[in-house]
Structure formats: structure tokens, C-alpha cells
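What follows is the residue order along each chain.
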Amino acid sequence: MINTNLKFCRRELALTQAQMADKLGIKRSLVGAYEEGRAEPRLATLVNMARLFGITLDQLVTTDFSKKKNAKIIGTAPAPEAGAEADDQPEPPTPAGGKLRVLAFTVDQDQNENIELVPQKAAAGYLNGYADREYLEVLPKFRLPMLSNTGTYRAFEIAGDSMLPIASGTVIVGRYVEDWASIKDGTPCIVVSSRDGIVFKRVFNKMRSGAMFVLHSDNPHFTPYDVKVDDVLEIWEAKSYISSTFPIAELSLERVASLVLDLQQQVALLKKA
């Protein structure tokens, strides 16, 4: 299993055996031995492999990605080194904006992709189960016929008032972004990161200049902040939303934000009293 995954993931990342060895800090001959099943990697090496591939150690050891159904392997890596041996040339990389990523999804009885709903109460668990199809199977699912048939969609229930007039509790339906470098400044997205969890923000792309994204709220009372590319797990471009709260007529965004801030201050005073 490990040897199959090592070879499969290395090729998905478009790495030669020499490049892989360099990234893992081991000899090239060991990479070949691992891939051929002639040797078993030490635990420390397995941990480094999992980090490099952007998957969990458990997935590396127990999941055969070459036979995994309903999962997409998405990643990119540097071009092969000049002078690499012919049998060491990697396969062409899949277009993406970061390290190897596994996109799991579910399908209905007609093999159409579902839209899985991640409620607020499931947000914490999603950080561990986002790449696990078994985890996704227990989430609520639905379909929206007006959405394009191209792409994979997921729905997230957002919390907080940072994106007014989109109210807390609104469900944002996003399309999975494979190539992060293609995100245009100001695009509303669900950003899933190991540091901040699931947030709904406008993304400003600073990948080339600083290997980060700057996340902005529509509510001016919230300060923009940076998130490192290495901390990001998934990005879903917002395409639709579902809400039981109707917008308040004839109120500007600034006015709504001011009202919310006043209410928060009043609640704080009442608590002190």
C-alpha cells in the first residue's frame, strides 16, 4: 500500500525520484526501494511523506489512492530536473495552486455529484474529515439544478456578521477551486484553513508576491487579515446562497453594520451591569 501510494503521489506531484529524495532528506536509492516494496520507510519518513503530499498518515498507510473512487487528486510541483533518467521522468502535473490535495465527494444513485452541506455544528469535524468520503457520507446532501454541471459544489452554513448583509446562518454554496492562483481579487469564497477553520470572506490573491491570501469582510468593522497558503486546505468560490432571512430594505451596509455594533455594545453593557 505504501509503495503504491508513494509512486502514485510522486507522479501526481510531477516529482522525479531524485526530487522526492531531496524533499524527504533521504537517498534517491531509498525512494526506489520504497516504491518497489524492497524496503519499509521509518515512521519519521512516513510523517514527512504525508506532510509533503498534504494527506494524513492514516491515508498514506491505509488508502490506495490509485484505486480510490469518488476522489480527485489535485496538486502541482516543480518541473523535472534537467538530465533526469528516462525512466525517472514524472507524469505531467495536474493544474492546481498548491500541494497535493485530495478532493472527496459523494454521488447519488444516478452517479451525479451531490452537494454536501456542512452545518455550523459540523465545522470543527470537517477540518479532519474533508478528504474522507466516509465522513462526507453522513453529511446532509442535496442538488441545485440551476448550477453548472461542471465542477464540484459544497455548501457551508456560515456564522457571524462579518459579511453583512449576508446574515449568520446563511448557507453558502461554493464551487471547488482547483487552481488557487486563478482567484481574482475580491472574489467571495469559503476558505477552509487549519488556522481559522471555515470562513466566508472576499479573497485577495497574494500568492506570487507573498505566498498568502488577504481575507476581507464586507462588514467594515472587521479588519482584513492574512492567511498563509500553506495553512489553506480548501477554497470554494461562492456561487449561490440560501437564507431564511430577507434583507432589510433601504438600509445601507454601513448602517446595518452600525446597528449590529450598537447592539453588541448594549449587550456588553448589560452583562457588566
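See above for the structure.
Sequence order as written defines the numbering, with residues in each chain counted from 1. For this predicted model, a pLDDT threshold of at least 70 governs which residues receive local features, and a threshold of 80 or more governs which side-chain atom pairs are given and counted, while totals over whole chains, interfaces and linings are taken from all residues. Hydrogens and water molecules were not included; the side-chain quantities draw on all heavy atoms of the structure.

(A) Representation of the sheet that holds strand 8 (residues 197–206). Strand order in the open sheet formed by 9 strands is 4-3-5-6-11-7-8-9-10, with mixed pairing between adjacent strands. Both edges of this open sheet fall to strand 4 (141–142) and strand 10 (225–228), since each of them pairs with a single strand only. Note that strand 7 (residues 187–193) and strand 11 (residues 232–242) share 5 bridges and pair antiparallel. Paired with Val192 across the bridge in strand 11 is Glu234. Only strands that DSSP links by at least two bridges are regarded as paired with each other. Numbering of helices and strands starts at the N terminus; helices are DSSP runs of H or I of at least 4 residues and strands are runs of E of at least 2.

(B) Region of interest: helix 1 (residues 2–12). Here's how the labels work: a residue is buried when its accessible area is under 20% of the maximum for its type, exposed when over 50%, partly exposed in between, all with a 1.4 Å probe on protein chains only. Those residues of helix 1 not exposed but buried are Ile2, Asn5, Leu6, Cys9, Arg10 and Glu12. All buried residues of helix 1 lie within an arc of 160° about the axis, which places them on one face of the element. Among the residues trailing helix 1, Ala14 stands out with phi positive, at a value near 60°. Picture the helix axis, draw a direction to every C-beta atom, and the arc is the one those directions span.

(C) The arrangement of the nonpolar core in detail. Formed by 41 residues in total, the largest nonpolar core has its most connected members in Met49, Phe53, Tyr126, Ile190, Phe200 and Trp236. With 4 residues, the single largest contributor to this core is helix 4 (residues 43–53). In this analysis, two residues are considered to be in contact whenever any of their non-hydrogen atoms come within 4.5 Å of each other. Among residues more than four places away in sequence, those in contact with Phe200 are Ile158, Ser162, Met163, Ile166, Ile172, Pro188, Cys189, Ile190 and Ala238. For our purposes a nonpolar core is just a set of buried Ala, Val, Leu, Ile, Met, Phe, Trp, Tyr and Cys residues, chained together by side-chain atoms within 4.5 Å. Membership of the second largest hydrophobic core comes to 14 residues, among which are Ile183, Val203, Met207 and Val227.

By themselves, these figures tell us nothing about what the structure is for.
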